[in-house]
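Examining the three-dimensional arrangement
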Amino acid sequence: GGWLGNGPLAAGDMHLLQLNPLKWLLPRFSGEPPGPCNMHTADLVGKSTLLVFRGGDGRAYLNDLHGLDLQSESWFPVKTAGEQ
């Protein structure tokens, strides 16, 4: 994800940085991935869960959360409670 550099629209791609050797990878995960976003964070929880928070897509605030199981290489829905 990120800003495309020309206008308010967001990108929906995801890249992983391989550390040895140092290079960027374009992974293919199963499941329903998050859509495009340009205001986001990603946090590793434990050793195999990545949580991705999408803040916005250049048009609207999204404020949603998505999970990625790094061992099974699959996206999964994350249920949250409270005001969004």
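The coordinates are above.
Here is a short report on the structure shown in this document. (Residues numbered from 1 in each chain as written. Predicted model: local features only at pLDDT ≥ 70, side-chain atom pairs only at ≥ 80, totals over all residues. Heavy atoms only, no water.)

Below, the discussion takes up the pairing of strand 3 (residues 16-19). As paired strands, strand 3 and strand 4 (residues 22-25) are joined by four bridges and run antiparallel to one another. Within strand 4, the position partnered with Gln18 by the bridge is Lys23. Counting the residues between successive antiparallel strands, the hairpin from strand 3 to strand 4 contains two residues. (Pairing = 2+ DSSP bridges. Helix = DSSP H or I, 4+ residues; strand = E, 2+ residues; numbered from the N terminus.)

Attention shifts here to the side chain of Ser48. As for its placement among the helices and strands, Ser48 is situated in the loop between strand 5 (39-45) and strand 6 (49-56). Aside from chain neighbours lying at most four places away, what touches Ser48 is Leu68, Asp69, Leu70 and Gln71. (Contact = heavy atoms within 4.5 Å.)

Take a nonpolar patch on the surface next. A cluster of nonpolar side chains, namely Leu17, Leu19, Leu22 and Trp24, defines an oily patch on the protein surface of about 510 Å² accessible area. Looking at the nonpolar patch, the elements with two or more residues in it are strand 3 and strand 4. Topologically, Leu19 is positioned in strand 3. (Patch = residues over 30% accessible without salt bridge, like charges linked within 9 Å, V, L, I, M, F, W, Y side chains within 5 Å. Areas by Shrake-Rupley, 256 points an atom, 1.4 Å probe, with all protein chains shown as cover. Salt bridge = Lys/Arg side-chain N within 4 Å of Asp/Glu carboxyl O.)

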